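Each chain, letter by letter, is given below.
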Amino acid sequence: MRTLYLDAFSGISGDMMIGVLLDLGVKIEDLKAELQKLHLTGYSLSAQKKPKNAIYGTDFDVVLDHGSKDTGFVEHHHDHHHGGARHLTEILTIIKNSDLSEKIKRQASGIFTEIGKAESQVHQVPLNEVHFHEVGALDSIVDIVGSCIALDLLHVDHIKCSTISDGSGFINVAHGQMPVPVPAVMQMRVGTSIPIKQRTDVHTELITPTGMGIIKVLVDSFGTISETEAVEKVGYGFGKRDTGGFNALRAMILDRSASRRTIATTHDQVAVLKANLDNQTGESLGYAAKRLFEAGALDVFLTPIQMKKGRPGQLLTVIASANQVTKFTQLILKNTATKGVRYQIVKRTIMQRKEIVLPTDYGDVHLKIAQFNGMVKATPEYDDVAHFAMQSGETFDYIQTRLQALIDTKIS
Ligand SMILES: O=C([S-])c1cc(C(=O)S)c[n+]([C@@H]2O[C@H](COP(=O)(O)O)[C@@H](O)[C@H]2O)c1
Ligand code: NI
């Protein structure tokens, strides 16, 4: 499974999103060709590879034929702008009547509707009366539809996002002062668990309403990069605001390398390291286990035991490669309260393992296949089951049972 990971340490805007996708390899000609399917004129695209703080990335911009962009996102209080405005419904019609794929139409309309609903709530105007200033609307259409197109061109199966940073304080827009996160962003947060962290060192907006709409509609999960995922490529899309720091959206293409390896041997040796612990808190032990996993332990587990003087304790067991006894002994001594570590090198029989991809109605599923002396065990990859469950709205157990039944008919 190919995952796009958004590392939003400096927030997200439409320009940053398209910039980072171009930086990851999407061709601007392909993006332009797809955008033509909207049948809109009056703009051109600019994408420049350049350094910021000595780090190379892509600076993307929508250049409007009639010059400057609207600084405010929506005009709904000022009747004098009505002549040049585009209602949400008009924008949804432009998308609907385009020659874009159904998937892109659904995603882009979803993002516009989320932003429209937030503006409608914040400014207390009915949804069908929310309208976008003509110039700002064109910029937003290209940013939003362009983000959906560029993502499609990148061919990823899953989008995961870090905690998103926003700034703090206030910004000035066409209608006056607004608190950060700006009201539309805060409104879109309602009813979600999208993780946002406010940076007190940045006194401007880092998450724009467009950026938040993209996150809300397109991101499948939030969290950190897991240990089993390998980073294939890194890109940077620059933001326009002067934040006093490195203002970019970083994104990575991830692949699950660790679980994808083929194991051909059937016998090997591993080290089993143990320590009895009766004077360490649960928090501290949890931290130690995390560090041991991060260092490459094959397994780490704690077993409740009864120790001397009637003390309840924990037996820490670490399984590691046979040649890493010294490294793991040092890590256990450093991160736990023990003064000694027992270890043994043990023989192990292992099933030969490989991974294959099986197309299913839900999408491609990665199968872990283990074989030994005529026995075969084939199981679907956890991440795929979780992804399909989230996408379809079915439970994890339902998807797992269905996939397992399909696999069993194919394997037998
Ligand atoms: O003009 C209006 S009403 C306006 C409202 C809001 C709210 O949060 S409500 C925010 N803004 C600001 O406009 C710019 C453009 O946003 P994009 O998403 O198009 O990049 C941005 O600074 C918004 O915070 C305007
Ligand atoms: Ni507004």
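Refer to the preceding data block for the structure.
For the structure given in this document, a descriptive report is provided here. (Residues numbered from 1 in each chain as written. Chains lettered and ligands numbered in written order. Predicted model: local features only at pLDDT ≥ 70, side-chain atom pairs only at ≥ 80, totals over all residues. Heavy atoms only, no water.)

## Let's talk about the overall build of the protein
Here comes step 1: Helix and strand content of the protein: 11 helices and 20 strands.
Here comes step 2: Evaluated residue by residue, the protein yields a buried proportion of 46% over its 412 residues.
Here comes step 3: Excluding contacts between residues fewer than 6 apart, the proportion of contacts in the protein whose partners are at least 24 apart in sequence is 71%.
Here comes step 4: Of the accessible surface of the protein, which amounts to about 20,500 Å², a share of 50% is contributed by carbon and sulfur atoms. (Helix = DSSP H or I, 4+ residues; strand = E, 2+ residues; numbered from the N terminus. Buried < 20%, exposed > 50% of the residue type's maximum accessible area, 1.4 Å probe, protein only. Contact = heavy atoms within 4.5 Å. Areas by Shrake-Rupley, 256 points an atom, 1.4 Å probe, with all protein chains shown as cover.)

## Some details on the coordination of the nickel ion (ligand 2)
Here comes step 1: Summarising the metal site, the nickel ion (ligand 2) is bound by the protein donors Glu 119 (OE) and His 123 (NE2), whose distances to it range over 2.1 Å.
Here comes step 2: For the nickel ion (ligand 2), the 4 donor atoms in the first shell make angles of 87 to 139° at the metal, a pattern classed as irregular. A residue pair is termed a helical-turn pair when its members lie 3 or 4 positions apart in one helix, as Glu 119 and His 123 do in helix α4 (residues 102–123) at 4 residues. (Donors = N, O, S within 2.8 Å, 3.2 Å for Na, K, Ca; no water. Tetrahedral: all angles 85-135°; square planar, octahedral: opposite > 155°, others 65-115°.)

## Some words on the sheet that holds strand β19 (residues 363–372)
Here comes step 1: With antiparallel pairing, 3 strands are arranged side by side in an open sheet as β18-β19-β20. Two strands close off the open sheet at either side, each with one partner strand: β18 (352–360) and β20 (375–380). Across the sheet, the mean angle from the axis of one strand to that of its neighbour is 25°, orientation sign disregarded.
Here comes step 2: Sheet topology note: the β18/β19 ladder contains 9 bridges and is antiparallel. Across the sheet, residue Lys 354 finds its bridge partner in β19, namely Ile 369.
Here comes step 3: Helix α10 (residues 382–392) rests against β19 and β20 of the sheet, and its axis sits at about 150° to β19. (Pairing = 2+ DSSP bridges. Axes fitted to C-alpha atoms, helices over the stretch in contact; angles between N-to-C directions.)

## Some details on the side chain of Lys 160
Here comes step 1: Topologically, Lys 160 is positioned in strand β6 (residues 158–161).
Here comes step 2: A polar contact of 2.8 Å, which involves the side chain of Lys 160, links it to the backbone oxygen of Thr 224.
Here comes step 3: For Lys 160, the residues in contact, after removing those within four places along its chain, are Thr 3, Leu 4, Tyr 5, Leu 6, Val 219, Ser 221, Gly 223, Thr 224, Ser 226 and Glu 229. (Polar contact = N/O pair within 3.5 Å; in protein donor to acceptor, adjacent residues only side chain to side chain.)

## Describing the packing of aromatic side chains
Here comes step 1: Taken as a whole and judged by the stated rule, the model has 5 aromatic pairs.
Here comes step 2: A centroid spacing of 5.8 Å and a plane angle of 65° characterise the contact between Tyr 236 and Phe 246, whose relative ring orientation is edge-to-face. Taken as a pair, Tyr 236 in strand β12 (residues 230–238) and Phe 246 in the loop between β12 and β13 (248–255) lie far apart in primary sequence, 10 residues in all.
Here comes step 3: Note on Tyr 236: relative accessible area 16%, which makes it buried.
Here comes step 4: Here Phe 238 and Phe 246 contribute two aromatic rings whose centre-to-centre distance is 6.1 Å and whose plane-to-plane angle is 80°, an arrangement assigned as edge-to-face. For the pair formed by Phe 238 and Phe 246, the shared burial category is buried. (Phe/Tyr/Trp six-rings, centres within 6.5 Å; stacked < 30°, edge-to-face > 60°.)

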